[in-house]
Amino acid sequence: MKVEQIHHVAYRCRNAKETVAFYQTVLGMDFLMAMAEDRAPSTKAPDPYMHVFLDAGNGNVLAFFELPKSPPMGRDPNTPDWVQHIAFRVKDRESMLEAKANAEALGCTVVGPTDHAVFQSIYFFDPSGNRVEVTYMTAKPGQLDELKKIAPAMLDEWDRTKQPPRQAAWVHQQEFA
């Protein structure tokens, strides 16, 4: 068995209508469909929900659940805010900067652009507090191949030492200069 692609990724949101409008405005996503029930189809547990689906391009779907009867959303207090996020790739720098302007126009604080050597990114939070990254590729020929080649050794070193291996330190050299 081999996975063909991600069917969808689902997050929780505070307000489904607000969330759909945000992703349509900031990232130009089309609203594909909605599902709603009084109980979860998989577990049959009583838990009314609205489940919305947005087109993230190339067959990728981003989905959200609004759960009005569940306790308020929260974050894992032991995980930094910058860790859990979803990243969307756009065509070029201009598209990334357009997303930045759209997010800022809606009152979002945007971090970046941040240079990761093989791509550049901006970061902001959606209305529900989910972290969003918008990125475009800047890799030069051979860079991605090199990162793939050194990845197993880096992972092994990390597993042994729990210290950042330095084989790919060049990736953030400009950011930390």
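Whatever comes next refers back to the structure up there.
Residues numbered from 1 in each chain as written. Predicted model: local features only at pLDDT ≥ 70, side-chain atom pairs only at ≥ 80, totals over all residues. Heavy atoms only, no water.

(A) The sheet that holds strand E5 (residues 85-89), seen in detail. One open sheet holds the 4 strands; their spatial order is E5-E8-E7-E6, and the pairing between them is mixed. A strand with exactly one partner marks an edge of an open sheet, and here the two such strands are E5 and strand E6 (111-115). Strand-to-strand twist across the sheet, computed as the mean angle between neighbouring axes with direction ignored, equals 25°. (Pairing = 2+ DSSP bridges. Helix = DSSP H or I, 4+ residues; strand = E, 2+ residues; numbered from the N terminus. Axes fitted to C-alpha atoms, helices over the stretch in contact; angles between N-to-C directions.)

(B) Structural view of the nonpolar core. Ranked by size, the top nonpolar core spans 24 residues in total, and within it Tyr23, Leu62, Phe64, Phe88, Ile122, Phe124 and Val134 carry the most contacts. At the level of elements, helix H1 (16-27), strand E3 (46-55), strand E4 (61-66), E5, helix H2 (93-105), strand E7 (119-125) and strand E8 (131-137) are the ones that each hand at least two residues to this core. Here the element with the most residues in this core is H1; it accounts for 5 residues. If sequence neighbours within four positions are ignored, Leu62 has contacts with Val9, Tyr11, Tyr23, Met29, Val52, Phe53, Leu54, Ala56, Ile86 and Phe88. (Core = buried A, V, L, I, M, F, W, Y, C linked by side-chain atoms within 4.5 Å. Buried < 20%, exposed > 50% of the residue type's maximum accessible area, 1.4 Å probe, protein only. Contact = heavy atoms within 4.5 Å.)

(C) Representation of H2. Taking 1.5 Å of rise per residue, the 13 residues of H2 would be expected to cover 18 Å, and the 18 Å separating its terminal C-alpha atoms lies within 8% of that figure. Residues of H2 that are buried: Met96, Ala99, Lys100 and Ala103. End-on view of H2: buried residues confined to an arc of 105°, all on one side of the axis. The exposed residues of H2 that point more than 90 degrees off its buried face are Glu94, Glu98 and Ala105. Against H1, E6, E7 and E8 lie the buried residues of H2. Where H2 ends, the next residue or the one after it, Gly107, has phi of about 90°, a positive value. (Expected span 1.5 Å × (residues − 1). Arc of directions from axis to C-beta.)

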